[in-house]
Amino acid sequence: MKGRVEAVVGAQWGDEGKGRVVDALGGKVDVFARYQGGANAGHTVLVDGQKYVFHLLPSGMLYPCKTCIIGNGVVVDPDQLLNELKELQDQGKDRARLVISGAAHVVMPYHKKIDKAQESLRSKGRKIGTTGRGIGPAYVDKYSRCGIRVEDLLDGEALREKLEYNLDEKNMYLTKIFGAEPLAFSEVYEAAVKWGKALAPYVEDASLVIDEAIREGKGVLFEGAQGTLLDIDHGTYPFVTSSSPVAAGGCVGLGTGPGVVDRVIGVVKAYCTRVGEGPFPTEDTGEAGAALREKGGEYGATTGRPRRCGWLDLVALRYAVRVNGMSSIALTKLDVLTGMGTIPVCTGYEIDGQHEEHFPSGVYRQGRAKPVYERLEGWSEDISRCREFEQLPLKARKYVEHIEEASGIPVNLIGVGPGRDQTILRNF
Ligand code: GDP
Ligand code: IMO
Ligand code: MG
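How each quantity is defined
- Residues numbered from 1 in each chain as written.
- Chains lettered and ligands numbered in written order.
- Predicted model: local features only at pLDDT ≥ 70, side-chain atom pairs only at ≥ 80, totals over all residues.
- Heavy atoms only, no water.
- Helix = DSSP H or I, 4+ residues; strand = E, 2+ residues; numbered from the N terminus.
- Buried < 20%, exposed > 50% of the residue type's maximum accessible area, 1.4 Å probe, protein only.
- Contact = heavy atoms within 4.5 Å.
- Salt bridge = Lys/Arg side-chain N within 4 Å of Asp/Glu carboxyl O.
- Core = buried A, V, L, I, M, F, W, Y, C linked by side-chain atoms within 4.5 Å.
- Donors = N, O, S within 2.8 Å, 3.2 Å for Na, K, Ca; no water.
- Pairing = 2+ DSSP bridges.
- Domains from an automatic or database assignment.
- Buried area = accessible area lost by both parts, 1.4 Å probe.
- Polar contact = N/O pair within 3.5 Å; in protein donor to acceptor, adjacent residues only side chain to side chain.

Colleague: Even after reading the chapter, I still don't get the side chain of Thr 256, so can you show me in this structure?
Modeller: With respect to the secondary-structure elements, Thr 256 resides in the loop between helix H8 (248–252) and strand S11 (263–269). Residue class for Thr 256 comes out buried when judged on its relative accessible area of 17%. Excluding its chain neighbours within four sequence positions, the residues that come into contact with Thr 256 are Ile 210, Phe 222 and Cys 251.

Colleague: I tried to follow the pattern of salt bridges on my own but got confused; where do I start?
Modeller: It is possible for side chains bearing opposite charge to pair when their charged atoms get close. According to the stated counting rule, one finds 27 salt bridges in the structure shown. For Arg 308, the salt bridge identified is with Glu 283, shortest N-O distance 2.9 Å. On the criterion of sequence distance, the pair formed by Arg 308 in strand S13 (residues 308–310) and Glu 283 in the loop between strand S12 (272–274) and helix H9 (287–296) is long-range, its members being 25 residues apart. For Glu 283, a relative accessible area of 28% corresponds to the partly exposed category. When the shortest N-O distance is used, the salt bridge between Arg 368 and Asp 352 registers 2.9 Å. Residue Arg 368 is found in helix H11 (residues 363–368), and its partner Asp 352 is found in the loop between strand S16 (343–351) and strand S17 (354–356); the two are separated by 16 residues along the sequence. The network of salt bridges with shared partners includes Asp 15, Lys 269, Glu 298, Arg 307 and Lys 333.

Colleague: For this particular structure, what's the right way to read the nonpolar core?
Modeller: Across soluble globular proteins, you tend to see nonpolar side chains buried next to one another. Membership of the largest hydrophobic core comes to 56 residues, with the highest contact counts inside it found for Met 326, Leu 334, Leu 337, Leu 392 and Tyr 399. For this core, the leading source of residues is helix H7 (residues 206–215), giving five residues. Judged by nonpolar contacts, the second largest core, of 51 residues, contains Leu 25, Ala 39, Leu 98 and Leu 153.

Colleague: Explain the coordination of the magnesium ion (ligand 3) to me, please; I cannot follow it from the model alone.
Modeller: Six octahedral donors around a metal ideally subtend angles of 90 or 180 degrees, whereas four tetrahedral donors ideally subtend 109.5 degrees. Ligation of the magnesium ion (ligand 3) by protein atoms is provided by Asp 15 (OD) and Gly 42 (O), these donors lying 2.0 to 2.2 Å from the ion. Of the two residues, Asp 15 sits in the loop between strand S1 (5–10) and helix H1 (18–25) while Gly 42 sits in the loop between strand S2 (31–34) and strand S3 (43–47), which places them 27 residues apart along the sequence. Judged by relative accessible area, which is 22%, Asp 15 ranks as partly exposed.

Colleague: Got a minute to help me understand the sheet that holds S11 in this structure?
Modeller: In any sheet, the strands associate via hydrogen bonds between backbone groups, in a parallel or an antiparallel arrangement. Spatially, 10 strands are ordered S9-S7-S5-S2-S10-S1-S11-S15-S19-S20 in an open sheet, and the strand pairing comes out mixed. Lying at the two open borders of the sheet, with one neighbouring strand each, are strand S9 (203–204) and strand S20 (423–425). As defined by bridge partners, strand S7 (residues 97–101) adjoins S9 across two bridges and the pair is classed as parallel. In the strand pairing of S9, Ser 101 is matched with Glu 204.

Colleague: Even after reading the chapter, I still don't get the domain arrangement of the protein, so can you show me in this structure?
Modeller: Where the parts come together, the accessible area they lose is often given as the size of the interface. Along its sequence, the protein is carved into domain 1 (5–102 + 203–265), domain 2 (105–199) and domain 3 (268–425). Averaged C-alpha coordinates put domain 1 and domain 3 at centres separated by 23 Å. Taken together, the contact pairs 38 residues of domain 1 with 40 residues of domain 3. Roughly 3,000 Å² is buried in total at the junction of domain 1 and domain 3, and carbon and sulfur atoms are behind 58% of that figure. Taken as a group, Trp 13, Asp 15 and Arg 20 account for 24% of the area that domain 1 buries against domain 3, more than any other trio of residues on that side. At the boundary of domain 1 with domain 3, the tally comes to two salt bridges. The residue Arg 420 makes a salt bridge to Asp 23 at a minimum N-O spacing of 2.7 Å. Connecting domain 1 to domain 3 are 21 residue pairs in polar contact (both at pLDDT 80 or more).

Now the structure itself:
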């Protein structure tokens, strides 16, 4: 019998709580697989009061006897990955078997330098607010077919030849365009050889491992990083990341066909946040937005930057349902809305005096979109101990049902706190 395959994707601008949703579902999953992005991600998991933040490792690493995969679509920063692994090993918590695709690309030191230099040269209004993790430049090399892949780190001579070619070009770019210091070949090469030795035990054909698991009837979970509106094609371009967080990216980034995916679970925060620049129609720059930030602890898990906060955007949610083929919602942080008074939810936009019900294409129209709000009644009872839908106050239930009506798909998981057990499962 074919194993069940589920994709967990961010439905907004990232940081929706994907890590905690993956962790909450983990008991039923045998294989956890990251398919895109890199160390720009920060996925928080809270187990027995201890907090873990995963940047490159899949969020299933804490489960014993499972397999965690870093797929070909990911860009791997070896230092970051090895540090994360060591931290877990030191605590005796590296319980899963780790598999890294040889076809995943490597984030090299020059990618991080170029990322930061490019960002500092961008004028106001053009800054993206990247995480500085070298993501964009690493994907540029991948697509211009000069990138260094994990498998190249295992072969000293191939590595030398590829690195010489790359470093000549990158040093020219760094010194002539950005006026930065060049990188010394020997330093980068020696570091890369060390990475190869350290990563070698984990390098396998990830696509084959997933295929075998599915054939053996095992549960597989694709773990998205970032979110739909940061997608390189479907997000608020150019204020996006350089990969495809949407569910279809899971198949490309892991080497499976689209037919294997049984369910696409979109992680939706009960309100909205964004970190970095770009359009955010429901942003609240006033006191209410600040209250959401404080109550929700909305500070980046990777960079520590304060997240921009605002209200749930149902226009953007319907768009996310469409471009991901979402069939289920995991709604997180409902508890943060407790005691907020009436809660605005955006049901449409006004753009240049016209009513718009669909998420517009193009950053100019997105930037001019003014939210049309419906105000829903709030609740003040503590919901953090609720474990059944029926235990929620009526108005909190109505809030959830409103989301189901507007999106056309069910809310099957509700987060009422950051802990592993602080979830309500409904017809899951
Ligand atoms: P990710 O990048 O999508 O995995 O999300 P992050 O980990 O960057 O940010 C989500 C934050 O919200 C983390 O600090 C989580 O511990 C926290 N969180 C997740 N779900 C809930 C929830 O239901 N309630 C509360 N209060 N916090 C939550
Ligand atoms: P998780 O997986 C939120 C944002 C950055 C910036 C833009 C491009 O934790 O949800 P990049 O470094 O990728 O070139 O930056 O994307 N960004 C994220 N925002 N959550 C993330 O990941 C993000 N990863 C990148 O802030 O605006
Ligand atoms: Mg995050």
